[in-house]
Amino acid sequence: MQLQIEIPDRTLARRKDGSPEPFMPGQSEQLIRLVRAMDRATEVLEDPDKARAWMMQTNVALNGERPPGLLGTSVGFEVARDVRHHVDYAGNG
């Protein structure tokens, strides 16, 4: 199971191989949002595997979207930020 963000595979592969080249500002922002959302989901669900599974599911509280699909914009991040509310509402907690 893998979360997707809008960073080309080649860019991720170069960073993984130790390239010192930094991510573009928008890419860095997406990574930070994803990490924050995963941290919060793990805190709420008390299990990293459950948090990953929750992040991959469509969610009624998010209008049928998966949480990572909302992380590309600051407005979407704000919508997905309150993970506890969305987990409780969707009955996935």
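Residues numbered from 1 in each chain as written. Predicted model: local features only at pLDDT ≥ 70, side-chain atom pairs only at ≥ 80, totals over all residues. Heavy atoms only, no water.

Concerning the nonpolar core
Residues Leu34, Met38, Ala51, Trp54, Met55 and Leu71 are the most contacted members of the largest nonpolar core, which totals 13 residues. At the level of elements, α2 (25–45), α3 (48–56) and α4 (74–81) are the ones that each hand at least two residues to this core. Ranked by the residues each element gives to this core, the list is headed by α2, at 5 residues. (Core = buried A, V, L, I, M, F, W, Y, C linked by side-chain atoms within 4.5 Å. Buried < 20%, exposed > 50% of the residue type's maximum accessible area, 1.4 Å probe, protein only. Helix = DSSP H or I, 4+ residues; strand = E, 2+ residues; numbered from the N terminus.)

Let's talk about the pattern of salt bridges
Note that side chains of opposite charge can pair when their charged atoms are close. For the structure on display, the rule yields 4 salt bridges. For Arg15, the salt bridge is made with Glu21, and the minimal N-O distance between the two is 3.6 Å. On the basis of relative accessibility, which here comes to 14%, the residue Arg15 falls in the buried class. With its nearest N and O atoms 2.8 Å apart, the salt bridge here joins Glu43 to Arg40. Of the two residues, Glu43 and Arg40 both sit in helix α2, 3 residues apart, roughly one turn of that helix. Take Glu43: its relative accessible area is 52%, and that puts it in the exposed class. In this structure Arg40 comes out as partly exposed when scored by relative accessible area, which is 24%. (Salt bridge = Lys/Arg side-chain N within 4 Å of Asp/Glu carboxyl O.)

As for the environment of Glu65
Position of Glu65 among the secondary structure elements: in the loop between α3 and α4. The exposure class of Glu65 is partly exposed, given its relative accessible area of 37%. Residues Glu65 and Ala80, spaced 15 residues apart in sequence, show a C-alpha to C-alpha distance of 9.8 Å. If near-sequence neighbours (up to four positions away) are discounted, Glu65 is found in contact with Gln57, Thr58, Asn59 and Leu70. (Contact = heavy atoms within 4.5 Å.)

Structural notes on the side chain of Arg15
Checked against the element boundaries, Arg15 lands in helix α1 (residues 9–16). Within the structure, the side chain of Arg15 is placed 2.6 Å from the backbone oxygen of Glu21, a separation counted as a polar contact. Among residues more than four places away in sequence, those in contact with Arg15 are Glu21, Pro22 and Phe23. (Polar contact = N/O pair within 3.5 Å; in protein donor to acceptor, adjacent residues only side chain to side chain.)

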